[in-house]
Amino acid sequence: MTDKEFMSLALAEAFKAYKEDEVPIGAVLIDEDGILICGEHNRIEQLGDATAHAELLTLRAASKKLTRRRLSGCTLYSTVEPCAMCAGALVLCRVKRLVYGATDSKFGAAESLFNVVNNPALNHQLEVTAGVLEEESRELLQKFFAERRRAT
């Protein structure tokens, strides 16, 4: 499968979040053979947990499923540029590659605000591909927040 096809899976997770009235961000983890390990979406409101980001939930589920904490060789697809917390987790899990859709100028930690995933002071860096299905990812976020503003 291609990056766009895998990102479509992450976008499907983001739609689940949207339907659950969560900020619509989705993520999937793919192994080195191109096999889907798992996917998740934001569940911050549902779980009452500020750390229940799609990326972290995906990494946790993958570690549990694979019974290992290091996810070497894996690629994480996220509809939005990860925040510092999620970017740090990607480094700690030794994920090989990050692919994301929309940049996040307020919280992004792969290029926008910070660059945690490629900080030379850390003992691991990731390959990064940005902008895959960017428009679709951004439009879903914009639709969600526009609806929230109208509701208040």
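Values in this document were obtained by computation on a predicted structure and should not be read as measured data. (Residues numbered from 1 in each chain as written. Predicted model: local features only at pLDDT ≥ 70, side-chain atom pairs only at ≥ 80, totals over all residues. Heavy atoms only, no water.)

1. Side note on the packing of helix H3 (residues 54–66) against helix H4 (residues 84–92)
Filter applied, for reference: Only the stretch in contact is used when a helix axis is fitted, and all axes are lines through C-alpha atoms; the angle between N-to-C directions ranges over 0 to 180 degrees. Numbering of helices and strands runs from the N terminus, with a helix taken as a DSSP run of H or I at least four residues long and a strand as a DSSP run of E at least two residues long. Angles are sorted into four bins: roughly parallel if under 35 degrees, roughly antiparallel if over 145, roughly perpendicular if 65 to 115, and oblique for all others. Two helices cross in a left-handed way if the nearer one is turned anticlockwise from the farther one by less than a right angle. They cross in a right-handed way if the turn is clockwise. In this description, contact between two residues means that some pair of their heavy atoms is separated by no more than 4.5 Å. Amino acid classes used here: Ala, Val, Leu, Ile, Met, Phe, Trp, Tyr, Cys and Pro are nonpolar; Asp, Glu, Lys and Arg are charged; the rest, including Gly, are polar.
Their axes nearest at 9 Å, the elements H3 and H4 cross at an angle of 25°. Between H3 and H4, the angle is such that the two are roughly parallel. By crossing handedness, the relation of H3 to H4 is classed as left-handed. Listed contacts from H4 to Glu-55, Leu-56 and Leu-59 of H3 are Met-85, Cys-86, Ala-89 and Leu-90. Classifying every residue of the contact of H3 with H4 gives six nonpolar, no polar and one charged.

2. Some points on the sheet that holds strand S5 (residues 127–130)
Threshold: Strand pairing is defined by DSSP finding a minimum of two bridges between the two strands.
Read across the open sheet, the five strands follow the order S2-S1-S3-S4-S5; overall the sheet is mixed. Either end of the sheet is taken by a strand with one partner, and the two such strands are strand S2 (36–41) and S5. Strand-to-strand twist across the sheet, computed as the mean angle between neighbouring axes with direction ignored, equals 15°. The sheet contact formed by strand S1 (residues 26–30) and S2 spans five bridges and is antiparallel. Paired with Leu-29 across the bridge in S2 is Cys-38. Running over the sheet, helix H5 (residues 134–151) touches strand S3 (75–80) and strand S4 (97–102) and is turned about 55° from S4.

3. Remarks on the environment of Ser-8
Cut-off, in case you're wondering: Here's how the labels work: a residue is buried when its accessible area is under 20% of the maximum for its type, exposed when over 50%, partly exposed in between, all with a 1.4 Å probe on protein chains only.
Looking at the secondary structure, you find Ser-8 in helix H1 (residues 3–19). The exposure class of Ser-8 is partly exposed, given its relative accessible area of 38%. The spatial distance from the C-alpha of Ser-8 to the C-alpha of Glu-22 is 18 Å, given a sequence separation of 14 residues.

4. Focus on the packing of aromatic side chains
We describe a pair of aromatic rings using the distance from one ring centre to the other and the angle between the two ring planes. Which entries qualify depends on this criterion: A pair of aromatic rings is counted whenever rings of Phe, Tyr or Trp (Trp by its six-membered ring) have centres within 6.5 Å, and the orientation is called stacked for planes under 30 degrees apart, edge-to-face for over 60 and tilted otherwise.
Counted according to the given criterion, the structure contains three aromatic pairs. Plain terms: the ring middles of Tyr-18 and Phe-144 are 6.4 Å apart, the flat faces sit at 65° to each other, and that makes the pair edge-to-face. Here the residue Tyr-18 occupies a position in helix H1, and Phe-144 occupies one in helix H5, the gap between them amounting to 126 residues. Connected via pairs of aromatic rings, a cluster forms that spans Tyr-18, Phe-144 and Phe-145.

Keep in mind these numbers describe shape, not what the thing actually does.
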